[in-house]
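Each chain is listed here by its residues.
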Amino acid sequence: MPNVFSTAGRTLESGRLLWRSRKFERHVRLTPRSDLEVFGSPYGQWVIPTGVLSSASVCYLIGAGTDISFDRALITRFGCEIHTFDPVPEAQRYALKAGADEPRFHLHPYGIWSEDAELAFHKP
């Protein structure tokens, strides 16, 4: 593993990531979409294809932080159910308060990771 504090290590890792992304791009055919829209605030903003969501959709969002504007925008626009996951107590308090008036917003106090483990989180 490269030393994350060395410039040379970061340059090497950046080069590997660039090589992997170009390798990926050679095998993917991108298709333009006319239904892309921006949802959420500048802090919690995502671009999604609107043609894939409806009131029957169930969305699983990872990491509420202190901004659930994206979550609320999906509920407002599509009327779908939102399940947001965040293990950080400060984020949980915020999300529960900000989403208290919305029955389609569900907060789960868990983190999503590649394995079952306990991880340390730090205050923002």
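Residues numbered from 1 in each chain as written. Predicted model: local features only at pLDDT ≥ 70, side-chain atom pairs only at ≥ 80, totals over all residues. Heavy atoms only, no water.

1. Considering helix α3 (residues 89-98)
A91, Q92 and A95 are the residues of α3 that are buried. Across the axial projection of α3, the buried residues extend over an arc of 100 degrees, all falling on one side. Across from the buried face of α3, at angles greater than 90 degrees, the exposed residues are R93 and K97. The secondary structure elements touched by the buried residues of α3 are β5 (105-108). (Buried < 20%, exposed > 50% of the residue type's maximum accessible area, 1.4 Å probe, protein only. Helix = DSSP H or I, 4+ residues; strand = E, 2+ residues; numbered from the N terminus. Arc of directions from axis to C-beta. Contact = heavy atoms within 4.5 Å.)

2. Considering the packing of aromatic side chains
Tallying each qualifying case throughout the model produces 1 aromatic pair. Ring plane angle 45 degrees and centroid distance 5.8 Å describe the contact between F39 and F78, whose orientation is recorded as tilted. Placement of the pair is F39 in strand β1 (residues 36-39) and F78 in helix α2 (residues 69-78), with a sequence separation of 39 residues. (Phe/Tyr/Trp six-rings, centres within 6.5 Å; stacked < 30°, edge-to-face > 60°.)

3. Section: the pattern of salt bridges
Tallied over the entire structure, the rule returns 5 salt bridges. A salt bridge links R33 to D35; the shortest N-O distance between them is 2.9 Å. A relative accessible area of 16% places D35 in the buried class. (Salt bridge = Lys/Arg side-chain N within 4 Å of Asp/Glu carboxyl O.)

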